[in-house]
Each structure stands twice: as C-alpha cells, then as structure tokens.
Amino acid sequence: MKMNKYVLIILLGVYLLCAASGLKAQQMLSGQLTDSLSGSPLLGATLKVLPQDKLYKSNKDGRFNFPVTGAQVQLLISYTGYRLKVLNLKSPFPATLNIAMVPSTLQLNEVVVNTGYQVVPLERSAGSFSLVSAKQLETQVGSDVLSRLETLASGLSFDRTEPFAPKLVVRGLSTINGPRSPLIVVDQFPYEGDLNNLNPNDIESVTVLKDASAASIWGSRAGNGVIVITTKKGVYNQPLKVSFNSFAQSSAKPDLGQIPTMSATNFIDVEQMLYAKGFYNSDYQAADKPPLSPLVEMFFARDEGKLTAQEVNDALAIYRKVDVRRELLDKVYQQRFLQQYHLGLSGGSAKQRWNFSGGFDDGRSELDAPNKRYNLLVNQEIKFSPKIDFRMNLAYTRQQAEDGKDGINTISTAKGSNIYPYATLSNEQGEPLALPRNYSLNYLESQQNKGLLNWFYYPLTDHQYRQASSSTQHFTGSAEASYRILKDLKFSMLYRYEKQDVQSTQLQQEEAYAVRNLINSYSRKATNGEIIYGIPRGAIKDDERSTLNIQQLRAQLNYQHQWKKGELYALAGVERRSLDRFSQSQRLYGFDQDTYTYGSINPLTPYPTWVTGSNSFISDGNSIAAGADHYLSFFANGSYTYLQNYSLTASVRRDASNLYGLSTNKKWNPLWSTGFAWNISGEDFYGLTALPYLKLRTSFGYSGNSNAAQTAVTTIRYRGSSLYTGYPYATFNQFENPELQWETVGMWNIGLDFSSKGNRISGSLEGYRKRAKDLFGTYPVDPTAGVGASVTRNVAAMQGWGADLQLNTINTKGKLRWESQLNLSWYKDKVTDYYLPNVQVSDFVGSVQPGVSGLAGKPVYAIFSYPWAGLSATDGSPQGLLNGSPSVNYQTIMGSEAQLSDLVYHGSAIPLWNGAFTNRFAYKRWDLEVALHFKFAYFFRREALSYSSLYNNWEGHPEFAQRWLAPGDEVNTNVPSLVYPASISRDIFYAGAQIQVEQGDHARIQYVNMAYKIPLKQAPISQLQVYANMANLGILWRANDKGIDPEYRYSNSLPPMRSLSLGLRANF
Amino acid sequence: MKRTYILLGILSAFSSCDKFLAEKPDAKLAVINSLEDAQALLDYYPNVDRNDVGVSEASADSYFLSDAEWARRAESDQRIYLWEKDQLFMPDSRDWRQSYANIYTANAVLESLKKIKRTTQNALQYDNVAGQAHLLRGRTFLMLVWTWGLAYDEQTAAQNLGVPLRLNTNFNEKVPRANLEQTYQQVIDDLKAASKYLPLRGNSKLRGSKLVAWGWLSRTYLSQRVYEPAASYADSVLQVQNTLLDYNQLNSAAAFPIPELNAEIVMDTRLSTPATLAQSRAKMDSTLILSYAANDLRKKIYFRINTDKSYAFKGNYAGGPTFFSGIAVDEMYLNRAEGFARTGLLQKSMDDLNTLLLKRHSTGTYVPLQNLNQTLLIERVLEERKKELIFRGLRWMDIKRWNAGGAQLTLKRRINGQEYVLLPNDLRYAIAIPQNALELGGIEDNPR
C-alpha cells in the first residue's frame, strides 16, 4: 500500500506558514519557485513533503532547500493566488528543481472559498462565488459590514425600490411573495442576531454563494443566496501581531429641502379656500376635537367674533414667510458623528493559534441620539495531536442606543407624519411653542383651567422628559473538535450557542406629552369638582425584553482520498438547529423614580374619556410571546477531480422543520445540485499564452425557500383575553390549504474564469438562469368565502436570467500603479405564471411603491401607466385616453372595462444593470481609491400632487406652484388645476399617468478613499497609515431631469448625507 | 467500547426527532381542538360582535348629510347615500366580507364540534358553544338578507333572491344565492337550534343565551310580517328580563348618558359603523327631531345640538360613539306591542307602549295611551320604533317591511340642489352586492 495515497490537502495554504528548520539531512532537495508568467521568484510558498508530512517555505529568492528521506516523495506546493502543484519524485532526485507556479484565479489574495461547511479551493469548485477580502473591505468606513459589499461583490445589490431599509439581494429575485433576504452565515453557522453586531474590522473575508451548486448545501434557506462571513483567526507559527484602527466620521446635517412640501403661502391659500367651502366645519364640531391648523382655528375665532380680521391678517402675513424645515434644521438637527476604535492581537505557535480583538464604536445621530457598540472576539485553535484538534470561538457584542429629539418624521399629528409648512416651534424668546398633535389647540386652551395637566405638545423640548434606551447583548460561543479516524477520514463535531438579549426601557416622566395626554384622557371630574385620575399621576415606565436562543449542533464526516490521477473530497453530516424566541414587555404607571414605587390601574373597567366621554379601557401595557423554529437536516457533498482538470461536484440536503401542522411527508424537503468544472488551460492542447488561465464551469441545482408563516392546517392565534368576558380570545391565523408546497428554485449557472499574462486582465464571466415554481402568491378569494380578501397559495412561477462580469485590470505598473475593478451584473426576470382572477388595469398601475405586477411575460415588478393626453384647456383637469381621444372619465379609464393594452408599459422597476467601477491608484506612499456605483435600465413612479391628500392630510407637493390656473397654462404645465371637492379618482389617475414615470438610471460616487503610509524608521510599528474617506458624495449622473435621486425618492426617507472620515491604521 | 459510547451519545443528540419537529413555531398558535379554542373564536368580540351590517343604516332615513360633508365622503359612500343601483362598495369594504367571515367562524366551530366528544362532563359547555355558533350564523344571515334582499313576502319569497348560504368551511366551493324563503328558513333553523342549545342567560352580555336567540327570532318573524310568533318570542324574552332604564335617572348633559352593558341589554353587539354616520357628519332628520314631545327625555339623551342648530346622534346603548345593534328590552317591548297590535290585542299593545314610554318621559308628565283603534295604534308603534331604535340596524328593514305591507314611505335626499327619491318597494331596497363578491363568487346581482 502506497503511503502517498493518503494526502492531506492543504486547505488553508494562505495561512499556513512553516517554521520548520534544522532537520536531519539524508538527501537534499533544492530548487526555485517562480511565477509561470513573469518568471519572478515566489517568496513564502509552502512546500509540503509527503509521506513525511513536513512543511517548508521558499525564501526571498523563491529558493528552497530541505532534506528528504525515502526513495519516493510527493511534493505539494501551494502559494496564494497560484494553483496547487503536485510533484511525484523518485530517487535519484534532480539536483535543482525549477518549478513554475501557475496563477490560479483573478483573486490576488484568495484561493479558497468558505461555504460554511468546508473550505474549498476555488479551483476545483464548479460553483459561483464572489469573494471579498479584508483588504477590500478596509477602504470603506462605517460601523456595519454588509453595506460595504455593494461595490465589492458582483451579483449582489441593495434594492432601494421600497422606502426605509434597503434590501440585500443576491442575483435578483427567487420568490415573489416569500422571504427575500439571503442567508447570512458567520463562521460555519447561520447568524440570527442583529447584523449590526458585527464589527467590520473583525472580518477576514466575505464569500457570496450565488448559484445552486454553491448554496444548495444550505438547503431550504438558501433560495435567496448565502453570504458567508469569516472572522479573523490567528496564524500558526507567528509571533505576536498587533493591529490598530481608528477613525472619526462626521456627516452633514440632513437635507430637509429634499422633503417635498409646498410653500407656506400656497398652503395658506388652500386653507383659506377650504375654510370658505366649509371643509373644516365637521372637524370643528366633532366630539373628538381633531387637530386643526392654527390658521383655521383663527378663521373660526374671527367668524365667532373672538378675533378681528386685522389680527388674522397680521398672523397670515407672518405665517406666509415661515418654513418649518428651516427651524427644524436650525434647532433640532445636527451633524452625525461616529468614532471607531479597534485593537487586534494575534499569534500562534506550532501547536496553536489565537486571535483576540476588541472594538468600540461611539456615534451620535443627527437627532442627538447616542449609540455605542462594544465588540470582543476571542478564538483559538489547538492541535492536541496529529489526530485531534480543537477550536473555539467566543464573540460578545453590546450595543447601546438612546432616543434623540423629535425630528420631522416624529412630529406626528393625527394627520400622519405631515405638518403644515408654517409650523413654528419656538417664539422670539426661544421658548418652545405647542403644535397640535391629537387635539385641536383651541380645544386644549379651553380645557386649561379645569384642573388637568398641561395638555400641549412641545416638540422642541418633549424629548427632555423621555429617556428611552435599548441595549442589545449578543453572544456566540462555538466549539469544534475533530478526530482523524483514519488517515483520510475525519470526524468533527461542531456546536454553537448563540444568544441575543435586547432590553429596552423607556421612562416617560409626567412632563412628557404622551404621559400627560394619557393621564388627562382618563381623568374625570367628580361632583365636588375635583379631578379623579384613572391613571395614577407620575412617570410611565416601560420595559421590554426579547431574547433569542439558538443552539446548533453538527456532526460531520470528511473524507478525502487521492489517487494518482484523481482526488475525491466528500463530506456528509447531520445538523440539528433550534431557535427559541421569547419576548415580554411590561408597563408601570405612576412610577416614582425617587422611591421606586408605582401606582395601579384597573384594566377591566372601561372609563369615560375626557374629550368625548366615550368609554375606553386602560391598557395594562403587558405582553408576552414565545416561539420556536426547529430544523433537522442531513447533507452530503462531494467532488471528484480528475487529472486536476476535470471536477465533478454534487451535493444534496434534506431539511425537516416544525412548520406548524405540515403533515410529516411535507416536513422533509430534499434539495440537490451538481456541477462540473473544466480547466481548459490545463490541457495539453491549450496554447493561448496570452491567456494562461481559462476555466469553464457549469452547475445546476435546486434550493428552497421556506416560509414559516405558511401552514397547511387551519390555525388560530390567541390574542390575549377579552376585556368583557375575561376569557382568552382568538382569531383565525391561517386557513387550511392542503395543497401548499414549499417553494423551489432551480438554477443553472455557467461561468468562465480567466486571467491574462501577468494578471493584467483577470476576471470571470457568468451567466445563469433560474426557474422558481410553486411560489406563494396572494390569491383573491370570494369575500363570501369568509376567509378575508385573499389567501396564499402556490400560484406563481417566475424565471430569471442574468449575467455577472467581474473584471480586474492592472492598467499601469511601475511608479504609478493603477488598478481597476468592474463589477457588472445584468438581471432580468419575468413572471411565467400568476393567478389573476380579473384584470383591473388599476392593479397594474399601483402606487409610488412598485408592486408585484403578476402578469405573465412581464417582469415581477413592472411599471405601467395611464396614457397622458395633457391637461384640459377648459378646466385644467388631467386627461387620459378613452377610445383614442382625450377624456376626463377617470372611472372608465381606470375601471373594469379598460384593457391592459390601454396602458403604457415602461419596463422593469428593478434595475436590469447594476454595477460598480472601482479605480485604485498607488503612487509611492499614496493610495487613492474611487468607487462609482450605477444602476441602469429601470423605471420608477415619482410622487405626485394629490389634492385629496393635501386637503385631508396636510400633504403638500412643490409642484402645486406650477398648477394649471387659466386656459393656456396647459401648454406649460402638467400639474392639474385645484378643484374642490377633491376627486380621488382624478388624483389617482394623475398619480398613475405616464408623465409620472421616470427613468431610474443613475450613477453615483459611492466613496473616495485616500491613504498615506507614514515612513517609519525601525520603529516597533511595522506599518502606519493615515486615511481619509468621503462617502455618499451624491449623484454623478441621472436620467431624470427632476433632480430626484431614484434611490431615495420617498418623501419620508431622507438620503444619507455626505460624510468625511479621518482615520489611522497601525500594525505592530 | 469507548467509541461505541461516544457514537451512541452523538446519535442521541439527533434523535427524538418527532417531538423536536412537533414544537409550535409560535406559542400563541393552536388548532381548534378543544371547546376552549372554539369559545375563544366566538369570544373575539372585535370581529364577532362589532360587525353587524351597518350599510343599511347608512341607506336609511334617520339622517342627512350637508353638501359639504357629502362632497368629502368617498365615492362609494356618496353612492350609498344616493341609493345608486351599483358600485356601492370598495373592494375592502367590511360589511359583506366580515359577515361571511363570521359565518365561517360559526361553521368552523360547528365542524370542530363534530370532532370533540360530547360527554356528561362537558355537555353544558359543548351545547353552549354549539348554540353560540348557530346564533352567530343565524343572525348574520338575517342581517345580510335584510340589507341585500328585498322585503320578505310570503307570495314571492320563493322567487326573490336571498343570500348565499354557506354552511361549511370549504372556501373553494361556489355557493349561489338561495331564494328568500330558503334564507329565512335557514335563519329560523339556526336560531331555533341556538335557542335549544344555549343556556337561559349567558354568563356575559357578549355571549348568546336563549333570551338572545328568542330576541332574534322575534326580529326574524317581525321582518317576515308573521306577527304572532314575533310577539310570542318577544314575550318569552320579557318574561325573564323586562327591566327598563328610567331615563329620568340619566344625566342628559353627559356626552354618553346611557351606560354600556346596562340593565336593558340582553346581548351587546354593535354595527360596523359606516363613516357617513360618524357623529360629526350625520345630521339627524329634522322631522324625526320634531316628532319628540317636549317632555320626551330621549331628545336630550340621544342627541346633541350642533353649532349650526342641527342635531347629532350621541349614541345610545353602546356607552360611546359606536352603534348598538343587539337585543335589548326596549325593542322587545316594541316588538311585542307591534305583534299585539297587528293581531288585534290592542289593550295589551297599549300597555306595552305605556310601560316603555313612561320611562322615557319626564316623571309625572306622561299621559298613557288609551282607546286607540288598530290603525292608529299600529302607526303609533311604528313611530315609537323610529324614535326609540335610532341607528340600531333595524330602520331599513322596518321601512322595507312596512312598505311591503302597504305603507307608503318615500325616502328623499337632497344634494347640491338636486332631489333623489326612493319610492316604496323600489328594487334598490335590495342594495347592490359588492362587485368582488359578484366577480369572484359568480353570484347573481340584485335585479334593477
């Protein structure tokens, strides 16, 4: 039996540094390692000698010299960025071995990819991966990791078509209504905690698993792609290394001017008109005293003789010049600050390696809300014997955040988040002024001397009486032990415990508006005139706690075997994973901070409320919830490589989960994939010297998408207890649907990896197609069926196609080194099946936020609009087309008789092209990096003026100023005339008209990073770098001429502001 | 050996798979497999007891809208106000959908009961749950047919359209509209089953009881113009519960003078209040206001005066601005009085009216009715129904059935100077079925 049959593949060649020397010499083996393209010597390459299992390194000239025993040896040579070389040598050995190493891929720093289950050399993988190294992450600043990936990983993008949190997307959609987010894996296990817990400085690499072959090992949760984050580890045989990084970042005040609103003077004109029409009469009389603007209150006072016309006109003149955004910017908003410090220590001996790091982030938001983060990370790997090694990893994060001031979106009123533009927050003396929040100011004034607490809301100072803080503690502890049962068979057990504990506390003092409002609402006057409080006076203290406990256990067998011509790698295992959620919140009324006492309320008796006198219960503010997700999975994965040129891979996984009530045969969901890779440049016939590396790979497989919210039996949900009967009560949660299936996504991928001579041009080009079937869709049901308006069924199917190009070039070498990286992704999808019972054109036009079109043959998110026929010359009404001629019959244009062919189809709401172009310049000690990011070929619908929203919700729009006023204006404007009463269908038609659709194409400067290495003379510091980073520099080019940033186009989402960071990085 | 133990230990960590996978993903979820679960569904009052059909009151004649208020309403509400022949409901309108959701709940409860064994220990609770489900289904069908069907007439009931009678939880099944006869028969079957299974009095005014079922049976027969059982079921209720509130004891200056869950209430259910009827919008019909005598306390207790001198409805038995539509003692007196009057028991009828009205007028000022002939007495009962049962979900049905019986009540609206008229027995008294129910359910709309 030949010993060299059992070869240990060097998986982490990049980190394996050998310190062996001074061995007994029997026969010396010497030679030189060079780059096959440039011929330059390779320093620090690892040479492994088998069967002795010794490691050596090449010196600075690429030379090596070491003793070997025996007549036959195998030499495995690995070097970062180069293909593994295997040499079988027989005695007598040649005097000098000249070995040319072939560069492996475009990636300069990576040859391995981490799938979370194994570390695979990219070379023998047939899957599709995007790799991002720590070095690449370093050129951006900020406290989170994922946002940095946008310019770095091809095929990954952030979807900003919806307001607020952007959604991370890997290669477009794989589902229509199911969960969208990719699975995030941190060091071998899915991560369930808050992703902001992760400190970017602790990240060694990020691998995006893009195709089925790469991701299917993760089974039913991998349908949307997988992002594997690997944290930094120590290095064997390395003396203590210390690294330090710190920066300070400051961002400009938010640009409130971006919020579409109308001028005070226009708004006042509208209010005057509405008042004259009696629009406010019912609100004025209403028993619940809804808020009115101060001006409307003055009009009523004037007409009741309480104010003179002169007094009203004086106030009007002042109000006309006010813009509440100015005062907010001045008195409320500030610059945003962030400071970050990170210290890392690492080292290793022959038997163990370790890493320790600590981080501290200290930030303050534009609303003066402080937030802090503390990170600790410890890991260690010990080799107890050649057969047994042990790893452990501990990570602890604490995030602390407090609430800040009331900003423009939190100064809410009964009219939603809108405020009239002439709102004033303080008077000339700087004293805070009240704004109407729940009730009319006039009414509150009339209640002032009735013994109640002050009932006014002062937005400038209210935050002083509320202390809200939350603290997130996150801990992961993992241990892995592996035992080599046979030379080529290894068994490992992995366990991870993850716990996240979020505690939030809010103490609202009696002076806080919310408390005063609540106490007053439940106050009533006794017959003797005294006030009786339903809610005890004093502060209100809310405490909330939610915990996540995750336990994951995995047993895995790894088998590797090498023959003369082929290698087999296989793994199989079983995994058990449980996630338990618990949350509880409680409230104390009448809390006294000095004595720690509290009062009590009676939640079971309805109290008459002050304003309307209607009965209402006082909420006890308590709640509790718990739940669990359980998964049990079996998986296997294998690859066989023949002659180093042909690799065949396969993987299979079966998941079972506790999705409620699914019958047992549906709990198990098998998913598989297979792939093939061919290293063309390794063939004898291959003679393209200009392109020394060329690899073709293809894969196909299925991954799934589980949605715990979909079940197959009728379930009910308990909703607490009836206040009337005292018994628990419940509603239906889900209606029985025996036909419900898991969603599956089949994906086919083909890719070409290449690099030119000297790595001047390298990269990969990939194409893929995915077919998703059995997708959940909302299926409208007959309202007579009794199960609401719609149910979820497997009604939809979709197809997606795409291509990812990653191109790295070295444009100039020498004194000025200029490198470019282009990530370009093309993605297109279409619905192939969707159940639509009746086609109503208005469903396809939808709202500003794009919705699922659900139209076979069209993109999942498609933008349609009503054809526009200009404004009517007679009254300035928006006109559509009815039977080819201009019409204002909106009911018919948008009604059930209208056909889809009557609509204008623009295109996809999701960009077809998505990309980033990064240029790096190095000159002497200077480094400059500029990253551009762009999205092309998509459409969006902009927000339009709606008279009904303006009248009812104070929702203005700047285009009001351009509205049609007189015949002839229709030549110059498309903004409809003001009408009263507002016609909702007129507003809806105008909002959905062709003219509101804009092309979303744009390019922006994502960041500019400049670094300078400070020259050092023999100091203990090995490297000292200072850097400056500018981010969110804004739009470079956009297709729309309205000045709208297509990615931050919603009036309630403010774009991130320009930021400047200065930092320092040092290594000892 | 050692290896074997390790192996066994590892295997056991992954075993017990059935229990592991049977864990509930959310502790608050359950399948209906106990009487408590079924009761919990029936106890969810925000759905079950607060969604009585309200669009009928929005169509009726107790109120009017000013031009400005009408203009501010959604188009569907404007159309309802003007008795348009179609397009009355937005797709998300609740009246129809939530009524059928409640019927689904009742059906789900009844189906779940088939899987639960009735034993001597649980018999009372079992029957109670069954009775509540029948009550919910029966009264919901009744309110649907009052609104979307024409007035019941013995001669034509088999030809006229009723409502779809969904009696199981299979939501894929297409159920056509039954005729009026079948619909009323189903209502009576359900309510009689309820009165059989339910306890005499419920342990909460939000749950059904025999009294409640009888009250609904009285309403059913009254709307069919079958007066003898209408009176006798009302009588059955009054034999057990007949306390009337004395309005002299109430503080008419209060925002809501009548307390919630008061002694007159047999079961507290509420209308799904149409936006049109909100206190600040709906102004009370001036002839209705004028019909209250000076010593009638109801004028001050039910209404408040707006700044423009019009009247707004404060609300009555809900203790707040929502509209009570449940069974209460005052209505039972009126039902019995009408039944007596129609069947010739004139003195008994007058006694009932006097009992009720005595408590509605200032102490010592009420002059009892006497010696009225049948026609005048019936007219008086009808007038008192109008004055007592404001926004109780009954007025539309009353107008319909009286017109079907020969009364000549013509409804009128005036908007922007134009008058809109609804003549007696107009087909539009069966209002238009929501479009999505027509399109998705494939059912027949009311003839126009």
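Worth saying up front: this structure is predicted, and the values here are computed from it rather than measured.

Caption draft 1: Geometry of the overall build of chain B. A tally of regular secondary structure across chain B gives 19 helices and 9 strands. Taking 2.2 N^0.38 as the reference for a compact globule, 448 residues should give roughly 22 Å; the C-alpha atoms of chain B span a radius of gyration of 25 Å, in line with that estimate. Seen through its C-alpha atoms, chain B measures out along the principal axes to roughly 105 × 50 × 45 Å. The 448 residues of chain B split such that 50% are buried.

Caption draft 2: Quick look at the UniProt feature "domain: TonB-dependent receptor plug" (unreviewed entry) in chain A. What UniProt calls "domain: TonB-dependent receptor plug" (unreviewed entry) maps, in this numbering, to residues 123–226 of chain A. Regarding residues 123–226 of chain A, the helix share stands at 8% and the strand share at 26%, and the terminal C-alpha atoms are separated by 20 Å.

Caption draft 3: Representation of the UniProt feature "domain: RagB/SusD" (unreviewed entry) in chain B. In the numbering used here, UniProt assigns the "domain: RagB/SusD" (unreviewed entry) feature to residues 331–421 of chain B. Between the end C-alpha atoms of residues 331–421 of chain B there is a gap of 29 Å, over a span that is 55% helix and 10% strand.

Caption draft 4: Quick look at the confidence of the model for chain A. Mean pLDDT over chain A stands at 87; residues scoring 70 or higher make up 93%. Note on residues 1–25 of chain A: pLDDT under 50 across the span, and 48 contacts to partners over four residues away in sequence or across chains.

Caption draft 5: Here's a closer look at the sheet that holds strand β34 (residues 715–721) of chain A. Pairing is antiparallel across the open sheet formed by 3 strands, whose spatial order is β35(A)-β34(A)-β1(B). Sheet topology places β35 (728–734) of chain A together with β1 (29–30) of chain B at the edges, where each strand pairs with a single neighbour. Here β34 of chain A runs beside β35 of chain A; their pairing, made up of 5 bridges, is antiparallel. Residue pairing across strands places Ser721 of chain A opposite Pro728 of chain A, the latter belonging to β35 of chain A. Those strands touched by helix α3 (residues 35–42) of chain B are β34 and β35 of chain A together with β1 of chain B, and its axis lies near 90 degrees from that of β35 of chain A.

Caption draft 6: Quick look at the nonpolar core. By size, the foremost hydrophobic cluster in this structure holds 132 residues, and its most contacted members are Val109, Ala213 and Val266 of chain B. For this core, the element with the highest residue contribution is helix α9 (residues 123–148) of chain B, accounting for 12 residues. Beyond its immediate stretch of four places on either side in the chain, Val266 of chain B contacts Leu211, Val212, Gly215, Val237, Gln241, Gly326, Ile327, Ala328 and Val329 of chain B. Ranked by size, the runner-up nonpolar core spans 124 residues in total, among them Val113, Leu152, Val852 and Ile893 of chain A.

Caption draft 7: The interface of chain B and chain A, seen in detail. The interface of chain B with chain A comprises 65 residues on the first partner and 65 residues on the second. Listing elements by their share of the side of chain B that touches chain A, those giving two or more residues are α1 (2–14), α2 (17–22), β1, α3, α4 (45–48), α6 (67–72), α8 (94–115) and α19 (435–441) of chain B. Among the elements that make up the side of chain B that touches chain A, the one with the highest residue count is α8 of chain B (7 residues). In terms of residue class, the side of chain B that touches chain A is built from 38 nonpolar, 11 polar and 16 charged. Sheet topology note: the β34 of chain A/β1 of chain B ladder contains 2 bridges and is antiparallel. The residue of β1 of chain B that forms the bridge with Ile716 of chain A is Ala30 of chain B.

Caption draft 8: Quick look at the sheet that holds strand β3 (residues 54–57) of chain A. All names here are of chain A. Read across the open sheet, the 4 strands follow the order β3-β2-β5-β6; overall the sheet is antiparallel. Edge strands, defined here as strands with exactly one partner in the open sheet, are β3 and β6 (85–90). On average, each strand axis in the sheet is inclined to that of its neighbour by 25 degrees, with strand direction left out of account. Sheet analysis places strand β5 (residues 72–78) next to β6, joined by 6 bridges and oriented antiparallel. Across the sheet, Leu76 pairs through a bridge with Val86, a residue of β6.

Caption draft 9: Spotlight on the UniProt feature "domain: SusD-like N-terminal" (unreviewed entry) in chain B. UniProt's entry tags residues 19–222 of chain B with the feature "domain: SusD-like N-terminal" (unreviewed entry), counted in the numbering of this structure. Across residues 19–222 of chain B, helical content stands at 55% and strand content at 5%; the span's end C-alpha atoms are separated by 57 Å.

Caption draft 10: Seen up close, the pairing of strand β38 (residues 790–812) of chain A. Residue and element names in this part refer to chain A. Summarising the sheet, strand β37 (residues 761–780) and β38 pair through 18 bridges and their orientation is antiparallel. Bridge pairing links Ser762 to Asn808 in β38. Looking at chain direction, β38 and strand β39 (residues 816–833) are connected through 15 bridges and run antiparallel. In the sheet register, Asp804 faces β39, and the bridge partner there is Ser825. Remark: 3 residues form the turn of the hairpin made by β38 and β39, two consecutive strands paired antiparallel; Gly814 in that turn has positive phi of roughly 95 degrees.

About the thresholds
- Residues numbered from 1 in each chain as written.
- Chains lettered and ligands numbered in written order.
- Predicted model: local features only at pLDDT ≥ 70, side-chain atom pairs only at ≥ 80, totals over all residues.
- Helix = DSSP H or I, 4+ residues; strand = E, 2+ residues; numbered from the N terminus.
- Rg over C-alpha atoms; globule rule 2.2 N^0.38 Å.
- Buried ≥ 20, exposed ≤ 12 C-beta atoms within 10 Å, placed from the backbone.
- UniProt positions renumbered as here; feature names shortened; annotations may be inferred.
- pLDDT = per-residue confidence, 0-100.
- Contact = placed C-beta atoms within 7 Å.
- Pairing = 2+ DSSP bridges.
- Axes fitted to C-alpha atoms, helices over the stretch in contact; angles between N-to-C directions.
- Core = buried A, V, L, I, M, F, W, Y, C linked by C-beta atoms within 7 Å.
- Nonpolar A, V, L, I, M, F, W, Y, C, P; charged D, E, K, R; others polar.

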